[in-house]
Amino acid sequence: MSADVAVRRYRSIFISDLHLGTRGCQAELLLDFIRHIECDKLYLVGDIIDGWKLRSGWFWPQAHNDVVQKILRMARKGTEVIYVPGNHDDRIRDFCGVHFGGVIVARDVIHEAADGKRYLVVHGDEFDGIVQHAKWLAFLGDWSYRTILMLNTLVNRFRRRLGFGYWSLSAYLKVKVKNALQFIENFEAAVADEARRRGVDGVICGHIHKAEMRDIDGIRYINDGDWVESCTALAEHADGHLEILEWAKLRSWSVIDRARQATTQHGADESLPEPAAA
């Protein structure tokens, strides 16, 4: 694959579960994605900044700062940015209705697609019984999950050195565990029920880090995935058609490395002094 990829134009983009502030965040892949898309609306569907992790220890590399700056720049250039907080950035829910640098904060929102279909956009933690009723267990699960993500980072660092693309160990383990699959099914059914109660055609959410698009008893259930495991986003085309973009499969670390090296070399070439006139 060529390192040169054309910028893709969409009507709307939905991303969630970036978990900025954690070592598991695939910030460089995310930056690569943002650099190659344009959209009229950008929905941040929760867990953008991981407040749980930042409260226990500060981790904020330059790449994470670059992600925030890129999103704010999109807002300044005319993209409507809507931030629907999740459980890891739940303190931002105190600012629902407030605008920050062109970013609108909302508890949830109804998105009307170009084809007239209406979708409830919500993070989804409200439909997770563990988060709502046993928060101590949620924190324990979060610690275990971050441990797996640390292993995921080490595995991919090794794969990257061998020239292989990104692969999610955590996503692989998730589909192999029966209890995890049952939890996901229960979550999807609960979110679809809420969309039905609201009288909309479907629901767009995040939270469980599993990109999915399917019908549940007449309701279109869509999960845009995450940027710690699958590195996916939901895109709406100009005609209202919805598509899950699997950026980790569309791109690879080797491609991004080549693009970065080319940019670095270009910058180095520009810094060279002009040759003296003969």
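Structure: above.
Our subject in this report is the structure included herewith. Note that the structure is a prediction, hence the values are computed from the model and not measured.

Thoughts on the pattern of salt bridges
Point 1. For the structure on display, the rule yields 15 salt bridges.
Point 2. Taking the shortest distance from any N to any O, the salt bridge between R251 and D32 comes out at 2.7 Å. Of this pair, R251 sits in the loop between helix 8 (247–250) and helix 9 (253–271) while D32 sits in helix 1 (residues 27–35), placing them 219 residues apart in sequence. As far as burial versus exposure is concerned, R251 and D32 are alike and both buried.

Brief notes about the sheet that holds strand 11 (residues 232–236)
Point 1. As summarised here, the arrangement of the seven strands in space is 4-5-3-2-1-11-12, forming an open sheet in which the pairing is mixed. Looking at the sheet topology across the chains shown, the edges are occupied by strand 4 (99–100) and strand 12 (242–246).
Point 2. With two bridges joining them, strand 4 and strand 5 (residues 103–105) adopt antiparallel strand pairing. In the strand pairing of strand 5, F100 is matched with V103.
Point 3. Strand contacts of helix 1: strand 1 (8–15), strand 2 (37–44), strand 11 and strand 12, with the helix running at about 125° to strand 2, the strand carrying the most contacts.
Point 4. The strands touched by helix 3 (residues 62–76) are strand 2, strand 3 (80–83) and strand 5; relative to strand 2, the strand with the most contacts, the crossing angle is about 110°.

Notes on the sheet that holds strand 9 (residues 212–216)
Point 1. Spatial strand order, 6-7-8-10-9: five strands in an open sheet with mixed pairing. Looking at which strands have only one partner, the edges of the open sheet turn out to be strand 6 (109–112) and strand 9. When strand polarity is set aside, the average angle formed by the axes of neighbouring strands in this sheet is 25°.
Point 2. Both strand 7 (residues 118–121) and strand 8 (residues 202–205) contribute to a ladder of three bridges, which runs parallel. Opposite Y119, over in strand 8, you have G202 as the bridge partner.

A closer look at the pairing of strand 7
Point 1. Where strand 6 lies against strand 7, four bridges are found, and the strand directions are antiparallel. If you follow V109 over to strand 7, its bridge partner there is V121.
Point 2. Joining the antiparallel neighbours strand 6 and strand 7 is a turn of five residues, in which G116 adopts a positive phi near 90°.

Considerations on a nonpolar patch on the surface
Point 1. A cluster of nonpolar side chains, F95, V98 and F100, forms an exposed patch at the surface whose accessible area comes to about 250 Å².
Point 2. Assignment of secondary structure puts F100 in strand 4.
Point 3. A residue is classified by how much of its surface remains accessible, and F100, at 41% relative accessible area, is partly exposed.

Overview of the packing of aromatic side chains
Point 1. Overall, the coordinates contain five aromatic pairs when judged by the stated rule.
Point 2. Measuring from centroid to centroid gives 5.2 Å for F33 and W247, while their planes differ by 75°, and the two rings are edge-to-face. Of this pair, F33 sits in helix 1 while W247 is found in helix 8, placing the two residues 214 residues apart along the sequence. The same class applies to F33 and to W247, which are both buried.
Point 3. Note on F95 and F100: the rings are 5.6 Å apart at their centroids and 75° apart in plane angle, and the pair reads as edge-to-face.
Point 4. Taking the relative accessible area as the measure of exposure, F95 reaches 40% and is therefore partly exposed.

Looking at the environment of F59
Point 1. For F59, the location among the structural elements is in the loop between helix 2 (51–56) and helix 3.
Point 2. Overall, F59 belongs to the buried group, its relative accessible area being 18%.
Point 3. Between the alpha carbons of F59 and R23 there is a distance of 7.5 Å; along the sequence they are 36 residues apart.
Point 4. Every residue in contact with F59, bar those within four places of it in the chain, is listed here: G21, T22, R23, L54 and H64.

Digging into the environment of I184
Point 1. On the secondary structure map, I184 appears in helix 7 (residues 178–198).
Point 2. Taking relative accessible area as the criterion, I184 reaches 6% and is therefore assigned buried.

Quick notes on helix 1
Point 1. Judged by how many residues are buried, helix 1 sits mostly within the fold: seven of nine residues are covered.
Point 2. The set of residues buried in helix 1 consists of A27, L29, L30, L31, D32, F33 and I34.

Re the nonpolar core
Point 1. In terms of nonpolar packing, the biggest core is built from 32 residues, with I13, I15, F33, L42, V67 and W227 touching the most fellow members.
Point 2. Elements represented by at least two residues in this core include exactly strand 1, helix 1, strand 2, helix 3, strand 3, strand 5, strand 11 and helix 8.
Point 3. With six residues, helix 1 is the single largest residue contributor to this core.
Point 4. What L42 contacts, discounting residues up to four positions off in sequence, is I13, I15, I71, M74, T79, E80, V81 and I82.
Point 5. Counting residues in hydrophobic clusters, the runner-up holds 14 residues, among them I184, A192, I216 and Y221.

Basis of the calculations
- Residues numbered from 1 in each chain as written.
- Predicted model: local features only at pLDDT ≥ 70, side-chain atom pairs only at ≥ 80, totals over all residues.
- Heavy atoms only, no water.
- Salt bridge = Lys/Arg side-chain N within 4 Å of Asp/Glu carboxyl O.
- Helix = DSSP H or I, 4+ residues; strand = E, 2+ residues; numbered from the N terminus.
- Buried < 20%, exposed > 50% of the residue type's maximum accessible area, 1.4 Å probe, protein only.
- Pairing = 2+ DSSP bridges.
- Contact = heavy atoms within 4.5 Å.
- Axes fitted to C-alpha atoms, helices over the stretch in contact; angles between N-to-C directions.
- Patch = residues over 30% accessible without salt bridge, like charges linked within 9 Å, V, L, I, M, F, W, Y side chains within 5 Å.
- Areas by Shrake-Rupley, 256 points an atom, 1.4 Å probe, with all protein chains shown as cover.
- Phe/Tyr/Trp six-rings, centres within 6.5 Å; stacked < 30°, edge-to-face > 60°.
- Core = buried A, V, L, I, M, F, W, Y, C linked by side-chain atoms within 4.5 Å.

The quantities given are spatial measurements derived from coordinates; they are silent on function.
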